[in-house]
Amino acid sequence: MQSPIRLGVIGCGMISQAHAVAIRFNEHDGLVRCVAAADPDPTAIDRFVAIAGEVDSRYSDGLDVIADPNVDAVVLITPTRFHRELVLATSDAGKPLFCEKPLAPTFAVVQELCTAVADSGIVAQVGFQSRFHPIIQTLRELIESGELGAPMGYMLRDDQYWPTGAIVPGHSSWRSDISEAGGGTLLEHSIHSCDVLAWLFGPASRVYATKRHVFGYSVEDTAALTIEHGSGVIGNLLSVFNGVRGREERRLEVFFEHGAVELTTDFVVGAPEDSLLIQRPDQPAERIDVDALRKASFARRGCDPERDYYVYQYFAYRAFALALREGTQTTPNFDDALRAHSIVEAGYRSCDSRLPFDLGDL
Ligand SMILES: NC(=O)c1ccc[n+]([C@@H]2O[C@H](COP(=O)([O-])OP(=O)(O)OC[C@H]3O[C@@H](n4cnc5c(N)ncnc54)[C@H](O)[C@@H]3O)[C@@H](O)[C@H]2O)c1
């Protein structure tokens, strides 16, 4: 039996809690073990290891995790503005990397990091866990099979309760500041949706966008994009950081030549928001049993259908660990992230110019 991949985690804040659960489950599967954690705040490490399990080494500086010879692969979960230095150091060290999205606050740095990772040849995954959602995967299978004909257009509404210190005490207040976060609901949250859209319909070619700052922060809380894909598919994305505590949902409607699909999802496994409706010609709309779909999807991936996985991050880590074991590149990787970031950047440029923006001009 192969020994587990020894992970070193950098950044033990809010979302590291979800990573900790995913790491714990994957440790149970014999795939990974967290051996090191870094955060300048020691109490943050305490909270992380309370879920992930005690680590062999604790550091205040993330660079020490990368240099630790006992760390096989680096997990980067710091606020976005700190990613650059740590991605470059991990690439230089030649260690595999699991990096949270967005890669960086500015598109120029995103491009720099993608080039550095490509040049280094490291296996590098990006935290786009939405792709691992069985409902999203079912939609992709429907597209690939051609069963409903070609996709024509879509509407995607994506919203999340605003995760800032001003609204939730103690939560990641850097998200409200454009100099730290680089952007609001479009970059910080809906980059997940941009990844999903590029994965489903191919790379985007042109974007027209507008945005608002209703809560008065320097980052936007509302953005609306019209997206043209190179495949010909066109669609609309509405992205909202909402003020409705407890709410977080993605709703996607796709029209095909011979069918229509409506779905809703959340980030939590088995969330009440999950739904899938498929309409075929001359038939009543079929409401899919999403519980059965989820369990079948888990079983197909060799996972226990009855286990409570909690977050889809579990499957993201599983994919990362299996890619490292098999010596293959993983997805979603930095190339995928560049495609998603390109949609976001084109959106912001269009907001500035009030004109459509061609992605070929990036
Ligand atoms: N995939 C997702 O769905 C998802 C969800 C939320 C956040 N994120 C991303 O994850 C990242 C972290 O977000 P968060 O909400 O956990 O932020 P956070 O502010 O809650 O936590 C970040 C932690 O990193 C620590 N830190 C800062 N610099 C460090 C360094 N050099 N070395 C080690 N630790 C350092 C901070 O002390 C803090 O504890 C961001 O890029 C964010 O966009 C992704």
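For every chain, the first residue of the written sequence is number 1, and numbering continues from 1 onward in sequence order. Reporting of local features is limited, given that this is a predicted model, to residues whose pLDDT is at least 70; pairs of side-chain atoms are given and counted only at 80 or more, and all residues count toward the totals for whole chains, interfaces and linings. Calculated side-chain values reflect all of the structure's heavy atoms, with hydrogen atoms and water omitted.

## Side note on the nonpolar core
Generally speaking, a soluble globular protein has its nonpolar side chains buried in company with each other. Among the buried residues, those of types Ala, Val, Leu, Ile, Met, Phe, Trp, Tyr and Cys that are joined through side-chain atoms within 4.5 Å form a nonpolar core. Burial classes follow relative accessibility: with a 1.4 Å probe on protein chains only, a residue under 20% of its type's maximum area counts as buried, one over 50% as exposed, and anything between as partly exposed. Formed by 73 residues in total, the largest nonpolar core has its most connected members in L97, L139, L225, I227, L276 and F334. Inspection of this core shows a minimum of three residues originating in each of domain 1 (5–128) and domain 2 (130–304 + 340–353). Core analysis: the next-biggest nonpolar cluster, separate from the first, contains 34 residues, A22, V55, Y312 and A321 among them. Residue ranges for the domains trace back to a domain assignment, done automatically or taken from a database.

## Side note on the pairing of strand β9 (residues 222–229)
Both faces of the sheet carry side chains from a regular strand, because those side chains alternate between them. Strands qualify as paired when DSSP identifies two bridges or more between them. Helix and strand labels come from DSSP, where a helix needs a run of H or I of at least four residues and a strand needs a run of E of at least two; each type is numbered from the N terminus. Sheet analysis places strand β8 (residues 204–212) next to β9, joined by eight bridges and oriented antiparallel. Along β9, the bridge assignment pairs V207 with I227. Bridge count between β9 and strand β10 (residues 234–242): seven bridges; the pairing is antiparallel. Across the sheet, residue I227 finds its bridge partner in β10, namely G235. A loop of four residues connects β9 with β10, the two strands running antiparallel in sequence, and G232 in this loop sits at a positive phi of about 105°.

## Things to note about helix α11 (residues 313–326)
Spanning 14 residues, α11 covers 20 Å between terminal C-alpha atoms, matching the ideal 20 Å at 1.5 Å per step. Every buried residue belonging to α11 is among Q313, Y314, F315, A316, Y317, R318, F320, A321 and A323, and all of these are buried. Trailing α11 by a residue or two, G327 shows a phi angle of about 70°, which is positive. Expected helix span is taken as 1.5 Å per residue step, with the number of steps being one fewer than the number of residues.

## A closer look at the domain arrangement of the chain
Assigned domains of the chain: these are domain 1 (5–128) and domain 2 (130–304 + 340–353). Its C-alpha centre places domain 1 at a distance of 25 Å from the equivalent point of domain 2. Residue-level contacts link 14 residues of domain 1 with 20 residues of domain 2. Each of two parts loses accessible area, computed with a 1.4 Å probe, when they are put together; buried area is these two losses added. At the boundary of domain 1 with domain 2, total buried surface from both sides reaches about 1,500 Å², with 63% on carbon and sulfur atoms. Every residue pair with non-hydrogen atoms within 4.5 Å of one another is taken to be in contact.

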